[in-house]
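Descriptive structure summary
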Amino acid sequence: MSADTPDPDRPGSRAVPPYGESPGDGPTSPYPDRASAAGPVPPAALTWYGAPPVAEAPQPRLRPQLSWAAAGAFGVVILGVPLGLLWATLAPDTPVMQTESGAVYGESQPEQPIAADGWFSLLGLGFGLLVAVGLWFLLRRSRGPIGLAAAVLGSLGAALVAWQVGQRVGLATFEHLLATAAEGQTFGQPARLRAGGVEWVGLLPVPYGNVLLPAFGAAVGYTLLAGWSRWPSLRPEPTPDGSTGPGVSWASVETPTPSAAPEPPGPGAAEPPRG
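Residues numbered from 1 in each chain as written. Predicted model: local features only at pLDDT ≥ 70, side-chain atom pairs only at ≥ 80, totals over all residues. Heavy atoms only, no water.

**Some points on the confidence of the model for the protein**
The predicted model of the protein has a mean per-residue pLDDT of 76, with 64% of residues at 70 or higher. A low-confidence stretch, residues 34-38 (pLDDT under 50), is modelled with five contacts involving residues beyond four sequence positions or located in other chains. Within the model, the stretch residues 245-256 combines pLDDT values under 50 with 21 contacts to residues more than four positions away or in other chains. (pLDDT = per-residue confidence, 0-100. Contact = heavy atoms within 4.5 Å.)

**Some details on the environment of Y208**
Structurally, Y208 is set in strand β5 (residues 204-209). Using a relative accessible area of 34% as the deciding quantity, one classes Y208 as partly exposed. Between the C-alpha atom of Y208 and that of V198, which follows or precedes it by ten residues, the distance is 6.0 Å. Beyond its immediate chain neighbours, meaning those up to four positions away, Y208 contacts G196, G197, V198 and E199. (Helix = DSSP H or I, 4+ residues; strand = E, 2+ residues; numbered from the N terminus. Buried < 20%, exposed > 50% of the residue type's maximum accessible area, 1.4 Å probe, protein only.)

**Here we look at the packing of helix α3 (residues 80-90) against helix α4 (residues 112-138)**
Remark: α3 packs on α4, axes separated minimally by 9 Å, with the N-to-C direction vectors making an angle of 145°. Regarding α3 and α4, the two cross each other, and that crossing is right-handed. Packed against α3, whose contacting residues are L83, L86, W87 and L90, the element α4 presents A116, W119, F120, L123 and F127 at the interface. Taken together, the residues that form the contact of α3 with α4 break down as nine nonpolar, no polar and no charged. (Axes fitted to C-alpha atoms, helices over the stretch in contact; angles between N-to-C directions. Left-handed = near helix turned anticlockwise from the far one by under 90°. Nonpolar A, V, L, I, M, F, W, Y, C, P; charged D, E, K, R; others polar.)

Encoded structure:
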């Protein structure tokens, strides 16, 4: 017969509880002097030593994204006005001469019309790249197809506005000289776009030529930014405080330091019962 099994024939015999159990109604601490003060140690008081789970980025609603994208595209279209003024300033005037039959080029093979198209192409391409970078950082919550559409459509609208604004700078003076200049008088023709414009296919306007270069630059720039983004969703992941900070994610937060192990029992403490 085991020593732990009570003998009913022997008076005063009782079973010795196994290790970690007490004769009472519940589990007790292996350190009796602490269990009396703090009570039973709950099993849930375990320290989490792993990294906290990465919070998923909340899915933004579609209507606010479309509203911000439309506002951004409209702002880009307005920027076509200074773009057109810059083009008219940099593009050289073409010299013409008044004759009996009308105005003709003052040179046999003028290079100024080609320079005007070249300046518009270079300015438009650089403008589209800047638009892509600007909308990428300003429309952080609309990154993706919506942001790309805003950059492309806004750049296309800005190109059309720049074309119309730039070729009207000095146009009134030129038309006045065409009507009043004496025969043999030489004056300048303002910049005109010859390698691009808009064709009407029925009731549908179709842009062509170098007026498409700003939209092309915006599409290329935005696609490169999306390809090099560190976030799969193209949007910054939320930080522990719930905000979407620049380049900060919950996974990058330092792992919490584990709590210290329980101190050993002091000298003279009662040993736990052994089975």
